[in-house]
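Structural overview for review
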Amino acid sequence: MLVKVVNNSTNPLPKYESKSSAGIDLRACLETDLVLDPLDRILVKTGLRIQLPIGIEAQVRPRSGLAIKKGITVLNSPGTIDSDYRGEIGVIIINLSNEKFEIKNGDRIAQLVFAKYESMEFEITESLDKSNRGEAGFGSTGIK
């Protein structure tokens, strides 16, 4: 699948790091370094704008290494980039650790995963078909 991209950063285009990778890494596009204090959040620009085919979304997700090693994650995970959005991709980063975290230009801060979707239509009804689960939710299936 072909995705058009405008790269207004000094960073290389995102790429798959292995043959079977689902995501491509997004890099920070910064003029000056940023420091996130514990529990701070910030919008980090990437310098990238993309044009997706209709029926495809791009999901901005955390990088697992940053999450486990540094406590850094994407706040609205996954963030959705719709196929008709043409603005710069930004990543809402939050520092959930107890230590300051520095972000420099070119640092890999998140990943982008492409996914197919379908648009739905709604039909007003007075009731829903019964299921085995019914209205049970939030832990109703247990942990073991």
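Refer to the structure above for everything that follows.
Below or above, wherever it landed, is the structure these notes cover. (Residues numbered from 1 in each chain as written. Predicted model: local features only at pLDDT ≥ 70, side-chain atom pairs only at ≥ 80, totals over all residues. Heavy atoms only, no water.)

Within the protein chain, the regular secondary structure consists of 1 helix and 11 strands. Counting from the amino terminus, helix and strand elements in the protein chain follow one another as β-β-β-β-β-β-α-β-β-β-β-β. Taken over the C-alpha trace, the protein chain has a radius of gyration of 19 Å; the compact-globule value for 144 residues is 15 Å, which it surpasses by more than 25%. Each principal axis of the C-alpha distribution contributes one length, and for the protein chain these read about 55 × 40 × 30 Å. The buried share of the protein chain, taken over its 144 residues, is 31%. Only carbon and sulfur atoms are counted for the fraction: they give 50% of the accessible area of the protein chain, which is about 10600 Å². (Helix = DSSP H or I, 4+ residues; strand = E, 2+ residues; numbered from the N terminus. Rg over C-alpha atoms; globule rule 2.2 N^0.38 Å. Buried < 20%, exposed > 50% of the residue type's maximum accessible area, 1.4 Å probe, protein only. Areas by Shrake-Rupley, 256 points an atom, 1.4 Å probe, with all protein chains shown as cover.)

On the surface, L43, L75 and I92 cluster together into a nonpolar patch covering about 240 Å² of accessible area. For L43, the location among the structural elements is in strand β4 (residues 41-45). When its relative accessible area of 47% is taken as the criterion, L43 is described as partly exposed. (Patch = residues over 30% accessible without salt bridge, like charges linked within 9 Å, V, L, I, M, F, W, Y side chains within 5 Å. Salt bridge = Lys/Arg side-chain N within 4 Å of Asp/Glu carboxyl O.)

Turning our attention to the nonpolar core. With 25 residues, the main nonpolar core has V44, V60, V91, I93, I103, I109 and L112 as its most contacted residues. Those elements giving two or more residues to this core turn out to be β2 (23-27), β3 (34-36), β5 (48-51), β6 (56-61), β7 (72-74), β9 (90-95), β10 (101-103) and β11 (108-116). In this structure V91 touches L26, I42, L43, V44, T46, V60, V74, I109 and A110, once residues within four positions along its chain are discounted. (Core = buried A, V, L, I, M, F, W, Y, C linked by side-chain atoms within 4.5 Å. Contact = heavy atoms within 4.5 Å.)

Attention now moves to the pattern of salt bridges. A full pass over the atoms with the stated rule returns 5 salt bridges. Where K15 meets E17, a salt bridge forms, and the shortest distance between an N and an O atom there is 3.4 Å. A residue is classified by how much of its surface remains accessible, and E17, at 44% relative accessible area, is partly exposed. Of the charged contacts in the structure, one is a salt bridge between D25 and R108, with a shortest N-O distance of 2.8 Å. Taken together, the residues span a long stretch of sequence, with D25 in strand β2 and R108 in strand β11 at a distance of 83 residues. Where salt bridges share partners, they join K15, E17, D25, R63 and R108 into one cluster.

Another point: the sheet that holds β4. Here 3 strands make up an open sheet; going across it, the order is β4-β9-β7 and the pairing antiparallel. Strands with a single pairing partner mark the edges of an open sheet, and in this sheet they are β4 and β7. Sheet twist, expressed as the average angle between the axes of neighbouring strands with direction ignored, equals 35°. Sheet analysis places β7 next to β9, joined by 3 bridges and oriented antiparallel. Across the sheet, I72 pairs through a bridge with N95, a residue of β9. (Pairing = 2+ DSSP bridges. Axes fitted to C-alpha atoms, helices over the stretch in contact; angles between N-to-C directions.)

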